[in-house]
There are 2 protein chains.
Amino acid sequence: MPPEVNGKTDVYLMLGDPVDQVRAPAALNAVFRRFGIDAVMVPARVPSSGLAAFVRSVFEASNILGLSITIPHKNAVMEVVDHLGPSARLAGAVNAIRRGPNGLEGEMLDGTGCVASLRHFGVSTDGARALVLGAGGAAAAIAAALGSRSDGAPAEIALYDPVPGRAQALAARFDGRLASRVFAVASSDPAGFDVVVNASPLGLDPQDPAPCDAARLAPHAAVFDILMKNQPTPLVRAARARGLRAEPGYEMLVQQVHLYLAYFGHVEAARAMREDAAFVRTLVYPAE
Amino acid sequence: MPPEVNGKTDVYLMLGDPVDQVRAPAALNAVFRRFGIDAVMVPARVPSSGLAAFVRSVFEASNILGLSITIPHKNAVMEVVDHLGPSARLAGAVNAIRRGPNGLEGEMLDGTGCVASLRHFGVSTDGARALVLGAGGAAAAIAAALGSRSDGAPAEIALYDPVPGRAQALAARFDGRLASRVFAVASSDPAGFDVVVNASPLGLDPQDPAPCDAARLAPHAAVFDILMKNQPTPLVRAARARGLRAEPGYEMLVQQVHLYLAYFGHVEAARAMREDAAFVRTLVYPAE
């Protein structure tokens, strides 16, 4: 790759609000460099009020080829794109957008990334009781992917969100479409669950309350906290202090890097990064 | 500076169509790195049809702090910004945009950059007859800056553009506002002019005709061709073959780097780069 961004460089944007915490740009830029791809991903902090106009207009630039979407826009941005991929349609959320032949195309890669992470950690969901905390875009993607697993869907997926009605609406969306029984629960109490995924933003701000009470986790429970900021979070620390398996969200990005590359058309780099997750981990996990 | 673009990185865009040829991103990125400024400039190739929507919407991203504008948008973008700086108002064109307290602010730095280049090359315009080829944004900025020189404005500035009426309209814009007599000419014939500036896009495409007939240049004439692509252009080569002073456009960017930095608020880097033009030249001029 050229040593510098130049006039021929293709551009990808990472959209969110906040964006301070995002790790995808550094990881993808390192991959671009390794494979001689003249492209760069830069962050764009866009408030919800400007989301639709920004996404529509930014593609007026022909060398801006794709967007990665993070909190809090994964649901709302769905309304802006013209065509949805199968995972986005099921989840009702989007975290990757590209220019297609007939307009903007959106897909949701979080769910596949989460399932691959749990597989990597050796956490089975086969016939399990899973609790997903949060009912936003990432939570929807994760529930959809867990409930669609042909290699071991949970028996039950419980959804919790502190905003009244939000978990119910998401559960209703999945009604009859997943292998798992999906339902909303009125409390974040993790007692009785085999797998607990924090897919809420709680923890992005150090002042946040814990998304659930770690003292109530079952003695065999596994915790996956998808945040990459402020890790290990109080939830992860408390679960580990009890001797439980508890993992931060880095692996979910590791497992999505090759998906992003493939979605953005970098087929060779995608194949190589799928086969060399160890290298991707050096880009995503914080230095020891 | 952090070794990689990350979630905290500020972003500047270089807007044009085409953008392949732009050298500002590589130069500014090297300066950002040298001064530990966590910022990056990336190109955005935006067609005229999408210009207004793009410029308005892209500032929805709070970490997108400024735009550099190149061909063919320097005139049209003036209508998009809310407040014009003095050089932009005089020239009727804009090549730098930033977010101000009351909306978007635009300024035009090309003219100052051109005058500083001529000074660097030891080309005097004091009382001279100057011919400016082109009547677009860069030509307007250059004519305005030449005609405003307190250290030696030309006696006459002739404007030529192949599009009928365009040079006349620009000359009318300057009527009574410059120290030089400004008028449109019906031919690109450089005979009789002391200084000839090519501020037209002719030469960006290798198939372009020369912007004027170098054989007709006065024996003492100096030529400044603001293009940075395909240099030395046929015009520069032909003038040099006749033993005339003829310079490509790199210096105009060199002399603007510190202006861009100041306009975008990087005061310390601006001061240092104004004092160390030799370093900036290593970033802008092609390697020998």
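The coordinates are above.
Residues numbered from 1 in each chain as written. Chains lettered and ligands numbered in written order. Predicted model: local features only at pLDDT ≥ 70, side-chain atom pairs only at ≥ 80, totals over all residues. Heavy atoms only, no water.

Engineer: Is there a simple way to think about the nonpolar core in this case?
Structural biologist: Within soluble globular proteins, side chains that are nonpolar generally end up buried alongside one another. Ranked by internal contacts, the top residues of the largest apolar core, which has 122 residues, are A:Leu15, A:Phe54, A:Ile97, B:Leu15, B:Phe54 and B:Ile97. Beyond its immediate stretch of four places on either side in the chain, A:Phe54 contacts A:Leu13, A:Leu15, A:Ala44, A:Val46, B:Ser57, B:Val58, B:Glu60, B:Ala61 and B:Ile64. (Core = buried A, V, L, I, M, F, W, Y, C linked by side-chain atoms within 4.5 Å. Buried < 20%, exposed > 50% of the residue type's maximum accessible area, 1.4 Å probe, protein only. Contact = heavy atoms within 4.5 Å.)

Engineer: Would you mind showing me how to read the side chain of B:Glu156 here?
Structural biologist: Residue and element names in this part refer to chain B. As for its placement among the helices and strands, Glu156 is situated in strand β8 (residues 156-160). Residue Glu156 is classed as buried on the basis of its relative accessible area, which comes to 18%. Separated by 3.1 Å, the side chains of Glu156 and Arg181 make a polar contact. Not counting the four nearest positions on each side in its chain, Glu156 is found in contact with Ala128, Arg129, Ala130, Arg181 and Phe183. (Helix = DSSP H or I, 4+ residues; strand = E, 2+ residues; numbered from the N terminus. Polar contact = N/O pair within 3.5 Å; in protein donor to acceptor, adjacent residues only side chain to side chain.)

Engineer: Please clarify how the sheet that holds strand β6 (residues 103-107) of chain A should be interpreted in this entry.
Structural biologist: Strand pairing in a sheet is mediated by backbone hydrogen bonds. Such pairs are either parallel or antiparallel. Residues and elements named next belong to chain A. Taken in spatial order, the six strands of this open sheet run β2-β1-β3-β5-β6-β4, and their pairing is mixed. Single-partner strands in this sheet number two, and they are β2 (39-45) and β4 (83-84). Note that strand β5 (residues 96-100) and β6 share five bridges and pair antiparallel. In the sheet register, Gly100 faces β6, and the bridge partner there is Gly103. Relative to the sheet, helix α2 (residues 51-58) contacts β1 (10-16), β2, β3 (64-69), β5 and β6, its axis offset from that of β1 by approximately 170 degrees. (Pairing = 2+ DSSP bridges. Axes fitted to C-alpha atoms, helices over the stretch in contact; angles between N-to-C directions.)

Engineer: Could you clarify how one ought to interpret helix α9 (residues 267-275) of chain B in this entry?
Structural biologist: Spacing of three or four residues puts side chains on the same side of an α-helix, whose turn is 3.6 residues. All names here are of chain B. Regarding α9, the residues found buried are Ala269, Ala270 and Met273. Mapping the buried residues of α9 onto a view down its axis gives an arc of 100 degrees, with all of them on the same face. What points out from α9, more than 90 degrees from its buried face, is the exposed set Val267, Glu268 and Glu275. In this structure, the buried residues of α9 make contact with α1 (24-34), α8 (250-263) and α10 (277-284). (Arc of directions from axis to C-beta.)

Engineer: Looking at this model, I keep getting lost on the environment of A:Leu67. Mind explaining?
Structural biologist: Residues and elements named next belong to chain A. Within the fold, Leu67 resides in strand β3. According to the relative accessible area criterion, Leu67 is buried, its value standing at 0%. For the pair Leu67 and Gly106, spaced 39 residues apart in sequence, the C-alpha to C-alpha distance is 9.2 Å. Apart from the residues lying within four places of it in its own chain, the contact partners of Leu67 are Leu13, Leu15, Val55, Val58, Phe59, Asn95, Ala96, Ile97 and Phe264.

Engineer: Would you mind going over the packing of α8(B) against α9(B) with me for this structure?
Structural biologist: The packing of two helices is summarised by the inter-axis angle and the distance between the axes. Residue and element names in this part refer to chain B. With their axes 8 Å apart at the nearest point, α8 and α9 run at an angle of 170 degrees to one another. Considered as vectors, α8 and α9 are oriented roughly antiparallel to each other. From α8, His258, Leu261 and Ala262 reach across to α9, where they touch Ala269, Ala270, Met273 and Arg274. Broken down by class, the residue content of the contact of α8 with α9 amounts to five nonpolar, one polar and one charged. (Parallel < 35°, antiparallel > 145°, perpendicular 65-115°, else oblique. Nonpolar A, V, L, I, M, F, W, Y, C, P; charged D, E, K, R; others polar.)

Engineer: Can you help me understand helix α5 (residues 137-147) of chain A in this one?
Structural biologist: In terms of burial, α5(A) is a largely internal element, 11 of the 11 residues being buried. Residues of α5(A) that are buried: A:Gly137, A:Ala138, A:Ala139, A:Ala140, A:Ala141, A:Ile142, A:Ala143, A:Ala144, A:Ala145, A:Leu146 and A:Gly147.

Engineer: Can you walk me through the sheet that holds strand β4 (residues 83-84) of chain B in this structure?
Structural biologist: Residues and elements named next belong to chain B. Here we have six strands laid out as an open sheet, ordered β2-β1-β3-β5-β6-β4, and mixed in their pairing. Two strands bound the open sheet, and with one partner strand each, they are β2 (39-45) and β4. In this structure, β4 lies alongside strand β6 (residues 103-107), joined through two bridges in parallel fashion. Within β6, the residue paired with Leu84 across the bridge is Gly106. Helix-sheet contacts for α1 involve β1 (10-16) and β2, and the interaxial angle to β2 is about 170 degrees.

Engineer: Would you take a moment to explain the relation of the copies chain A and chain B for this structure?
Structural biologist: Both copies of the chain are tied together by a single rotation about an axis and a shift running along it. Once chain A is rotated about the relating axis by 180 degrees and shifted along it by 0.0 Å, it coincides with chain B to within an RMSD of 0.0 Å. Taken together, the rotation and translation relating the two chain copies correspond to the operation of a two-fold axis. Take the interface residues of chain A: 100% of them recur as interface residues in chain B, which is what a same-surface contact looks like. (Least-squares fit on C-alpha atoms with pLDDT ≥ 70 in both.)

Engineer: Would you take a moment to explain the packing of α2(A) against helix α2 (residues 51-58) of chain B for this structure?
Structural biologist: Running from amino to carboxyl end, α2(A) crosses α2(B) at an angle of 135 degrees, the nearest separation of the two axes being 8 Å. Classed by the angle they form, the pair α2(A) and α2(B) counts as oblique. Seen from above, α2(A) lies across α2(B) with left-handed handedness. Along its contact with α2(A), which presents A:Ala53, A:Phe54, A:Ser57 and A:Val58, the element α2(B) presents B:Ala53, B:Phe54, B:Ser57 and B:Val58. For the contact of α2(A) with α2(B), the class distribution of residues is six nonpolar, two polar and no charged. (Left-handed = near helix turned anticlockwise from the far one by under 90°.)

Engineer: I'm lost on empty space enclosed by the protein in this one. Help?
Structural biologist: Using a probe with the size of a water molecule, rolled over the atoms, empty space left in the structure can be pinpointed. All names here are of chain B. Summed over all chains, the structure comprises one cavity of 30 Å³ or more. By volume, the largest cavity is sized at about 30 Å³. Forming the boundary of the largest cavity are Leu118, Phe121, Val123, Ala222, Val223, Phe224, Arg245 and Glu247. Broken down by secondary-structure element, the contributors of at least two residues to the lining of the largest cavity are β11 (222-225) and β12 (245-247). At three residues, the largest contribution of residues to the lining of the largest cavity is made by β11. Classifying every residue of the lining of the largest cavity by side-chain character gives six nonpolar, no polar and two charged. (1 Å grid on protein atoms, 1.4 Å probe; cavity = no way out; pocket = protein on both sides within 12 Å on 5 of 7 lines; lining within 4 Å. Points joined across faces, edges and corners; volume = space filled by probe spheres on them.)

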